[in-house]
Amino acid sequence: MNAFVDGSDTALQQAARQLGDRLLAEHLTLCTAESCTGGWIAKILTDIPGSSAWFDCGMAAYSYEAKQALLRVRPETLMEHGAVSKETALEMVSGALITSGANLAVAVTGIAGPGCGLPGKPVGTVWIAWKRRGQYPHAEVFHFEGDREAVRRQTVAVALQGLMPLIS
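Bear in mind that the values here come from a model prediction, so they are computed numbers and not experimental data.

A. Seen up close, the sheet that holds strand E5 (residues 138–143). A sheet is described by the order of its strands in space; here five strands give the open sequence E2-E1-E3-E4-E5, paired in mixed fashion. The sheet is open, and its two borders are formed by strand E2 (55–60) and E5, each paired with just one other strand. Neighbouring strand axes in the sheet, compared pairwise and without regard to direction, differ in orientation by 15 degrees on average. The sheet strands contacting helix H6 (residues 148–163) are strand E1 (30–34), strand E3 (104–110), strand E4 (125–132) and E5, and the helix crosses E4 at an angle near 25 degrees.

What follows is the structure, given as structure tokens:
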């Protein structure tokens, strides 16, 4: 992934349009599982007219309970590793595909700030996972700079960018 990500409105809209065009051309659908972005990825995608042809659903799951119920994250995973972890991101993305009819999924979980940073997990720490149905999930950790909005914007941009290689 690029070290610098342009999270401007224009860049996010352009990335979403490009992704939607690719999904449509390949007859694929997408779902999102979001924690720290609170549905922003789903929003930027569904702002595109005609997105219903390739966008299946979006789940914003902030609490442990929501992650368990909506995304099938195991309680043991949350207790052992926490919500902001590789293990949770991988279970979120896999769970999103289990509970949806989509072909592709992206999941994000992180600490957008301004507070709540933890030892080893400072503000700006975000795990993003991607998966195509029938394949293994992939997750990466990012350490974004800036305020809450900047961290969330960068998360959305990287999440969208990371889906492109999964499309044929």
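B. Spatial organisation of the nonpolar core. In this structure, Leu 45 and Ile 128 are the most contacted members of the largest nonpolar core, which totals 34 residues. Mapped by element, the contributors of at least two residues to this core are helix H1 (9–25), helix H2 (40–46), E3, E4 and H6. The dominant element in this core, judged by the number of residues it contributes, is H6, at seven residues. The residues touching Leu 45, leaving out its near neighbours within four places in the chain, are Ala 16, Leu 19, Leu 30, Thr 32, Ser 51, Trp 54, Phe 55 and Leu 160.

C. Examining the pairing of E5 more closely. Bridge count for E4 against E5 is six bridges, and the pairing is antiparallel. Opposite Trp 130, over in E5, you have His 138 as the bridge partner. Counted along the chain from E4 to the antiparallel partner E5, the turn is five residues long, and its residue Gly 134 has a positive phi close to 90 degrees.

D. Fine view of helix H3 (residues 64–71). Buried within H3 we find Ala 66, Lys 67 and Leu 71. One face of H3 carries all of its buried residues, which in axial projection span an arc of 100 degrees. Along H3, exposed side chains directed more than 90 degrees from the buried face belong to Glu 65 and Ala 69. Structurally, H3 contributes buried residues whose contacts are with E1, E2, helix H4 (75–81), helix H5 (86–99) and E3. One or two positions beyond H3, positive phi appears at Arg 72, with a value near 60 degrees.

So, how was this worked out
- Residue positions are counted from 1 within each chain, in the order its sequence is given.
- Reporting in this predicted model follows two pLDDT cut-offs: at least 70 for local features of residues, and 80 or more for side-chain atom pairs to be given and counted; totals over whole chains, interfaces and linings ignore these cut-offs and use all residues.
- For the side-chain quantities, the full set of heavy atoms in the structure was used; hydrogens and water were omitted.
- DSSP calls a pair of strands paired once it identifies at least 2 bridges connecting them.
- Helix and strand assignments follow DSSP, with helices taken as H or I runs no shorter than four residues and strands as E runs no shorter than two, numbered in order from the N terminus.
- To get an axis, fit a line to the C-alpha atoms, keeping to the stretch in contact for a helix; angles then go from 0 to 180 degrees between the N-to-C directions.
- Working rule for contacts: check all heavy atoms of both residues, and any pair within 4.5 Å makes them a contact.
- We call a set of buried Ala, Val, Leu, Ile, Met, Phe, Trp, Tyr and Cys residues a nonpolar core when their side-chain atoms join them within 4.5 Å.
- Summary of the burial criterion: residues with accessible area below 20% of their type's maximum are buried, those above 50% are exposed, and those between are partly exposed, where the area comes from a 1.4 Å probe applied to protein chains only.
- Working note: the arc is built from the helix axis to C-beta atom directions.

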